[in-house]
Amino acid sequence: MSDQRTPRGPVNRLLAANAWLVYIFFYAPIALLIFFSFNDNENVSIFTEPSLRWYRAMLEDDRILSALRNSLIVAFASTIISTILGTMLAIALERYRFRGRGLLDGIAYMPIIIPDVTMGVMLLIFFFQAIGLIDDLFGIGLRTGLGTITLAHVAFNISFVAVVVRARLAQFDDALEEAAADLYATRWQTFRRVTLPLIAPGVAGGALLALTLSLDDVVVTQFVSGQGATTLPVYVFGLIRRGVTPLINAVSVVMLVASMLLVAISLGLQRTRSKGDEEEPDVPLTPQQQGA
């Protein structure tokens, strides 16, 4: 039996000090951001007295509220679409064999690998070409805006949703679906009452990840957004060009809290669902069993 002891003495203290330094390096800027967001002074480096002045200014700024509204519209629309398509893609790649599956599997991961700038340029060129073609064929004067931003977010969110759902499908017991088939359940009944409830934590996790990425995206959104279609991260990025103010701190804190809440909800859903994974799924009964 091997002797597994924790390091003691100077080694233990050195490792603990290194861990604290890493945490301080990563989280001290966030703590300072939150602290100075409650500063009454207009100078972000000089703290005078605690105040909610900049949070009130944020709520009274029509441009910030308009950008926030645009962000929420794009985030929820792109999350719903990308969750549906990403789940379908994950099931197709994980459960079925078809011609071109390997190529599709490689293409599905490209949005995760390629840089955001490259993807933004590609989507910008695609949208301008598509808008020009539609205008020539049908005479419809389309332009970039919330619609193109939503489609762009769907384009890169599908991959993230598919990765999370495939990880859940890899742990799925195929015997449960076979049992449902033995009980004369159709494929749709099997998916709705057996497969979907068991992969629901993965679907929910992918959806929340897509929502977080959509709310925080700046680079791709800047390329495909049009006039009057500014999201909150892009608006904050524009404010930074004119100098850092406590108003930016307040908006950043709100975005940080929203992201943390989404992560907490995702972890809570997965924890709650994991407790019921050992329970039997709701397998549909045969007509004979229902009559009995």
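Cut-offs used in this document
Residues numbered from 1 in each chain as written. Predicted model: local features only at pLDDT ≥ 70, side-chain atom pairs only at ≥ 80, totals over all residues. Heavy atoms only, no water. Helix = DSSP H or I, 4+ residues; strand = E, 2+ residues; numbered from the N terminus. Contact = heavy atoms within 4.5 Å. Areas by Shrake-Rupley, 256 points an atom, 1.4 Å probe, with all protein chains shown as cover. Salt bridge = Lys/Arg side-chain N within 4 Å of Asp/Glu carboxyl O. Buried < 20%, exposed > 50% of the residue type's maximum accessible area, 1.4 Å probe, protein only. Polar contact = N/O pair within 3.5 Å; in protein donor to acceptor, adjacent residues only side chain to side chain. Patch = residues over 30% accessible without salt bridge, like charges linked within 9 Å, V, L, I, M, F, W, Y side chains within 5 Å. Core = buried A, V, L, I, M, F, W, Y, C linked by side-chain atoms within 4.5 Å. Axes fitted to C-alpha atoms, helices over the stretch in contact; angles between N-to-C directions. Parallel < 35°, antiparallel > 145°, perpendicular 65-115°, else oblique. Left-handed = near helix turned anticlockwise from the far one by under 90°. Expected span 1.5 Å × (residues − 1). Bend = angle between axes of the 7 residues up to and from the residue. pLDDT = per-residue confidence, 0-100. Nonpolar A, V, L, I, M, F, W, Y, C, P; charged D, E, K, R; others polar.

Observations regarding the overall build of the chain
So, step 1. The helix and strand tally for the chain stands at 13 helices and 0 strands.
So, step 2. Walking the chain from its N terminus toward its C terminus, one meets helices and strands in the order α-α-α-α-α-α-α-α-α-α-α-α-α.
So, step 3. For the chain, the share of sequence-separated contacts (at least 6 apart) that also reach a separation of at least 24 residues comes to 73%.
So, step 4. Total accessible area on the chain is roughly 18,400 Å²; 65% of this is exposed by carbon and sulfur atoms.

Concerning the pattern of salt bridges
So, step 1. Under the counting rule described, the total for this entry stands at 5 salt bridges.
So, step 2. Two residues, Arg 95 and Glu 177, come together in a salt bridge whose shortest N-O distance is 2.4 Å. Separated by 82 residues along the polypeptide, Arg 95 in helix α3 (residues 62–95) and Glu 177 in helix α8 (residues 174–182) bring together distant segments of the chain.
So, step 3. Connected via shared salt-bridge partners are Glu 94, Asp 105 and Arg 166.

What about the side chain of Ser 78?
So, step 1. Mapped onto the secondary structure, Ser 78 falls in helix α3.
So, step 2. Given a relative accessible area of 0%, Ser 78 falls into the buried group.
So, step 3. Of the polar contacts made by the side chain of Ser 78, one reaches the backbone oxygen of Val 74; its length is 2.7 Å.
So, step 4. Residues in contact with Ser 78, not counting those within four places in the same chain, are Thr 150, His 153, Val 154, Asn 157 and Ser 214.

Brief notes about a nonpolar patch on the surface
So, step 1. A cluster of nonpolar residues, Val 22, Tyr 23, Phe 25, Phe 26, Tyr 27, Ile 30, Ile 34, Phe 38 and Leu 52, forms a patch on the protein surface that exposes about 900 Å² of accessible area.
So, step 2. In this structure, Phe 38 sits in the loop between α1 (10–37) and α2 (53–60).

Description of the nonpolar core
So, step 1. Of all hydrophobic cores here, the largest spans 19 residues; its most connected members are Leu 89, Ala 90, Val 165, Leu 169, Phe 172, Val 194 and Ile 199.
So, step 2. Of all the secondary-structure elements, those providing two or more residues to this core are α3, α7 (146–169) and α9 (187–216).
So, step 3. Among residues more than four places away in sequence, those in contact with Val 165 are Thr 87, Ala 90, Ile 199, Gly 202 and Val 203.

Comments concerning the packing of helix α6 (residues 116–138) against α7
So, step 1. Close contact between α6 and α7 brings their axes to 11 Å; oriented N to C, the two are set at 130 degrees. Taken together, α6 and α7 sit at an angle that is classed as oblique. In terms of crossing hand, the pair formed by α6 and α7 is right-handed. Within the contact between the two elements, α6 uses Met 119, Leu 123 and Phe 127 and α7 uses Thr 148, Leu 151, Ala 152, Ala 155 and Phe 156.

Focus on unusual backbone geometry
So, step 1. For Tyr 184, which is not a glycine, the phi torsion comes out positive at approximately 65 degrees.
So, step 2. For Tyr 184, the location among the structural elements is in the loop between α8 and α9.
So, step 3. Classification of Tyr 184 as exposed rests on a relative accessible area of 65%.

Some points on the side chain of Thr 150
So, step 1. Relative to the helices and strands, Thr 150 resides in helix α7.
So, step 2. The contacts of Thr 150, once residues within four sequence positions are left out, are Val 74, Ala 77 and Ser 78.

Considerations on α7
So, step 1. Under the 1.5 Å per step criterion, the end-to-end length of α7 is 33 Å for 24 residues, consistent within 8% with the ideal 34 Å.
So, step 2. Where α7 bends most, at Asn 157, the angle is about 30 degrees.

Brief notes about the environment of Ser 225
So, step 1. Looking at the secondary structure, you find Ser 225 in the loop between α10 (219–224) and α11 (232–241).
So, step 2. As for Ser 225 and Ile 149, which are separated by 76 residues in sequence, their C-alpha atoms are 5.9 Å apart.
So, step 3. When near neighbours in sequence (up to four residues on either side) are disregarded, Ser 225 contacts Thr 144 and Ile 149.

Examining the confidence of the model for the chain
So, step 1. Put simply, the chain has an average pLDDT of 82, and 89% of its residues get 70 or more.
So, step 2. Considering only residues more than four positions removed or in separate chains, one finds that residues 286–292, a stretch of pLDDT under 50, has 4 contacts.

Some details on the packing of α8 against α9
So, step 1. Between α8 and α9, the least distance of the axes is 10 Å, while the angle of their chain directions is 165 degrees. What the angle tells us is that α8 and α9 run roughly antiparallel. Regarding α8 and α9, the two cross each other, and that crossing is right-handed. Along its contact with α8, which presents Leu 176, Glu 177 and Ala 180, the element α9 presents Thr 190, Val 194, Thr 195 and Leu 198.
So, step 2. The residue makeup of the contact of α8 with α9, split by class, is 4 nonpolar, 2 polar and 1 charged.

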